[in-house]
Amino acid sequence: MSDEEDDIILSELDDEELVLQMHDDLYDGLKEEIEEGTNILLERGWEPYRVLTEALVGGMTIVGKDFRDGILFVPEVLLAANAMKAGMAILKPLLAETGAPTIGKMVIGTVKGDIHDIGQNLVTMMMEGAGFEVLNIGINNPVENYLEAMDDFQPDILGMSALLTTTMPYMKVVIDTMVEKGIRDDYIVLVGGAPLNEEFGKAIGADGYCRDAAVAVEMAKEMMARKHNQMAAG
Ligand code: B1M
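Attention here is on the structure that accompanies the text.

Rules behind the numbers
Here the residue index of a chain counts from 1 through its sequence in written order. Where local features are concerned, this predicted model is filtered to residues with pLDDT of at least 70; where side-chain atom pairs are given and counted, the filter is 80 or more; whole-chain, interface and lining totals use all residues. Think of the side-chain values as coming from all heavy atoms in the structure, minus any hydrogens and water. The numbering of helices and of strands both runs from the N terminus, where a helix is a DSSP run of H or I of at least 4 residues and a strand a run of E of at least 2. For the radius of gyration, the atoms used are the C-alpha atoms, and the globule rule reads 2.2 Å times the number of residues raised to 0.38. For every residue, the accessible area (1.4 Å probe, protein chains only) is compared with the maximum for its type, and the residue is labelled buried under 20%, exposed over 50%, or partly exposed between those bounds. Accessible surface area values rest on a Shrake-Rupley calculation with a 1.4 Å probe, where residue burial reflects the displayed protein chains alone. Positive: Lys, Arg. Negative: Asp, Glu. His and the chain ends are not part of the count. All charge positions are set by atom: Lys at NZ, Arg at CZ, Asp at CG, Glu at CD. Paired strands, in this sense, are two strands between which DSSP finds at least two bridges. For a crossover, the right-handed case is the one in which the path from the first strand over the helix to the second runs clockwise, viewed with the strands pointing away from the viewer. A donor here means any N, O or S atom no more than 2.8 Å from the metal (3.2 Å for Na, K and Ca); water is not included, so a site may seem to lack partners. Lines fitted to the C-alpha atoms define the axes, with helices restricted to the stretch that makes contact. Angles between their N-to-C directions range from 0 to 180 degrees. Should an angle fall under 35 degrees it is taken as roughly parallel, and over 145 as roughly antiparallel, whereas 65 to 115 is taken as roughly perpendicular and any remaining angle as oblique. Whether two residues are in contact is decided by their heavy atoms: any pair within 4.5 Å suffices. Three residue categories are used. Nonpolar comprises Ala, Val, Leu, Ile, Met, Phe, Trp, Tyr, Cys and Pro, charged comprises Asp, Glu, Lys and Arg, and polar comprises the others, including Gly. Crossing handedness: left-handed means the near helix sits turned counterclockwise from the far one by under a right angle, and right-handed means the same turn made clockwise. Between the rings of Phe, Tyr and Trp (Trp by its six-membered ring), a pair exists once the centres lie within 6.5 Å; its type follows the angle of the planes, with under 30 degrees stacked, over 60 edge-to-face, and the other angles tilted. In our convention, an over-ring charge means Lys NZ or Arg CZ found within 6 Å of a ring centre and within 35 degrees of that ring's normal. A helix is expected to reach a length of 1.5 Å times the quantity of its residues less one. The definitions used throughout rest on a 1 Å grid laid over the protein atoms alone, on which a cavity is an enclosed set of points accommodating a 1.4 Å probe that cannot get out and a pocket is an open set flanked by protein within 12 Å on both sides along at least five of seven lines; lining residues are those having an atom within 4 Å of a point. Grid points are joined across faces, edges and corners, and a volume is the space filled by probe spheres set on the points.

### So, the overall build of the protein chain
Each helix and strand in the protein chain was counted, giving 10 helices and 5 strands. Scaling as 2.2 N^0.38, a compact globule of 234 residues should have a C-alpha radius of gyration of about 17 Å, and the protein chain matches this with 19 Å. For the protein chain, the residues scored as buried account for 46% of the 234 residues in total. Summing over all exposed atoms, the protein chain offers an accessible surface of approximately 12,100 Å²; the carbon and sulfur share of this is 53%. Averaging the locations of the 17 positively and 43 negatively charged side chains of the protein chain gives two centres separated by 11 Å.

As structure tokens, this is what we get:
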């Protein structure tokens, strides 16, 4: 870091400059600066969701592009991810604090072979904020982990995340296993992750593909309402 950057006082920047500075700080993996910036934006009255999307997710998008283009490498991206998680940790209780009544239960996890967890942590936070009870089973989950979690936790929804083109086909392994065991229709299956799309979601037999965490919440609510209506009618 240069001396010039050392001199930047985050609280003296206006909102727009601060968000841009946070993108730089996330890029540089500066955890404490990200925590400070997150707190400043909240103190200035920003909604937690806006801080999340504009400052944190916005910064990670830039990291993602330079990672793709070979400008950043795994160690740097890990630092950026840690900084992002530190900001998310501040926002988590605020996003979960809506006081919404429990409207459903969800198990979510990243599939086998895949260790990306920022997206699914974000989905967890947003779902909890919307009133869902969520069991997050973490990363690198073989089908057995999903089955065990569904058995123990009895969710309405199974959520799966994959960030790699090489791991996304594993979602079909999980769904096919559910079909074989005769439990597929007991759950709403939602999938998400950067390389997926709606077509893929349909092709593997999921009930819905979620482009982002906000879509996941909307879709989950809609499908829960549909499930309740069907139960009431039947
Ligand atoms: Co990785 N990585 N990575 N990585 N990484 C990507 C995914 C990549 C696109 C980067 C790139 O090349 N541009 C690329 C994949 C290419 C491909 O498959 N086509 C890639 C690669 C190649 C790799 C490695 C193979 C690199 C290597 O070792 N050479 C390796 C694989 C490790 C493994 O998993 N086995 C690897 C490792 C890593 C780190 C460990 C360094 C780190 C992860 C840290 C962590 O997660 N704790 C990392 C990161 C950070 C990324 C990028 C830069 C950012 C991912 C992220 O957190 N995004 C990523 C680039 C990118 O995605 N543009 C990249 C922010 C997050 C909020 O978005 O996860 O998309 P996202 O989640 C969104 C939606 O997708 C959706 O909602 C979320 C919130 O809005 N969503 C769901 C996600 N899951 C959902 C589940 C749902 C619903 C919605 O269920 C209902």
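Moving on from the model shown.
### Describing the pairing of strand β3 (residues 157–161)
On a regular strand, one side chain projects to one face of the sheet and the next to the other, so that they alternate. In terms of burial, β3 is largely enclosed, as 5 of its 5 residues are buried. Side chains Ile157, Gly159 and Ser161 of β3 all project onto a buried face; the interleaved residues Leu158 and Met160 project onto the opposite face, where all are buried too. Strand direction decides the pairing type here: β3 and strand β4 (residues 188–192), joined by 5 bridges, are parallel. Paired with Leu158 across the bridge in β4 is Val189. Following the chain from β3 across helix α8 (residues 170–180) to the adjacent parallel β4, one finds a crossover that is right-handed.

### A look at the coordination of the cobalt atom of the ligand
A metal bound by six donors in octahedral fashion has ideal angles of 90 or 180 degrees, whereas one bound by four tetrahedral donors has an ideal angle of 109.5 degrees. The protein gives the cobalt atom of the ligand a lone donor atom, His116 (NE2), placed 2.2 Å from the metal. Structurally, His116 can be placed in the loop between β1 (104–110) and α6 (118–129).

### Focus: the packing of helix α4 (residues 48–68) against helix α5 (residues 74–95)
Here α4 crosses α5 at 170°, and the two axes come no closer than 10 Å. One finds that α4 runs roughly antiparallel with respect to α5. Residue-level inspection shows Pro48, Tyr49, Val51, Leu52, Leu56, Val57, Met60, Val63 and Phe67 of α4 in contact with α5, the latter providing Val74, Val77, Ala80, Ala81, Met84, Gly87, Met88, Leu91, Leu94 and Leu95. Residues belonging to the contact of α4 with α5 are distributed by class as follows: 18 nonpolar, 1 polar and no charged.

### Some points on the packing of helix α2 (residues 15–27) against α4
Two elements in contact, α2 and α4, have axes separated by 8 Å at closest approach and are oriented at 45°. By the criterion of interaxial angle, the relationship of α2 to α4 is oblique. As for the relative orientation of α2 and α4, their crossing is right-handed in sense. Packed against α2, whose contacting residues are Val19, Met22, His23, Leu26 and Tyr27, the element α4 presents Glu54, Ala55, Leu56, Gly58, Gly59, Met60, Ile62, Val63 and Asp66 at the interface.

### Some words on the packing of aromatic side chains
Applying the stated criterion across every chain yields a total of 0 aromatic pairs. Seen from the ring of Trp46, Arg50 lies directly overhead, with NZ or CZ sitting 3.6 Å from the centre. Sitting above the plane of the Phe153 ring, Lys105 keeps its charged end 4.6 Å from the centroid.

### What about the sheet that holds β1?
Read across the open sheet, the 5 strands follow the order β2-β1-β3-β4-β5; overall the sheet is parallel. Edge positions in the sheet fall to β2 (132–136) and β5 (208–210), since each of these pairs with one other strand and no more. Neighbour-to-neighbour, the strand axes of this sheet turn through a mean angle of 25°, independent of strand direction. Pairing of β4 with β5, which is carried by 3 bridges, proceeds in the parallel orientation. If you follow Gly192 over to β5, its bridge partner there is Cys210.

### A few points about α6
The end-to-end C-alpha distance of α6 is 16 Å, a good match for the 16 Å that 12 residues give at a rise of 1.5 Å each. The buried fraction of α6 amounts to 9 of the 12 residues, a majority that puts the element mostly inside the structure. Ile118, Gln120, Leu122, Val123, Thr124, Met125, Met126, Met127 and Gly129 are the residues of α6 that are buried. Elements in contact with the buried residues of α6: α4, α5, β1, β2, β3 and α10 (213–233). At the exit of α6 stands Gly131, carrying a positive phi of roughly 105°.

### Things to note about the layout of surface pockets
Of the pockets and cavities examined, the largest pocket occupies roughly 1,500 Å³. Along its surface, the largest pocket is lined by 44 residues, and Met60, Ile118, Gly119, Leu163 and Ala194 are the ones closest to its centre. Considered class by class, the residues forming the lining of the largest pocket number 27 nonpolar, 11 polar and 6 charged. In this model, the second largest pocket occupies a volume close to 250 Å³. Here the lining of the second largest pocket takes 4 residues from α10, the largest share from any one element.

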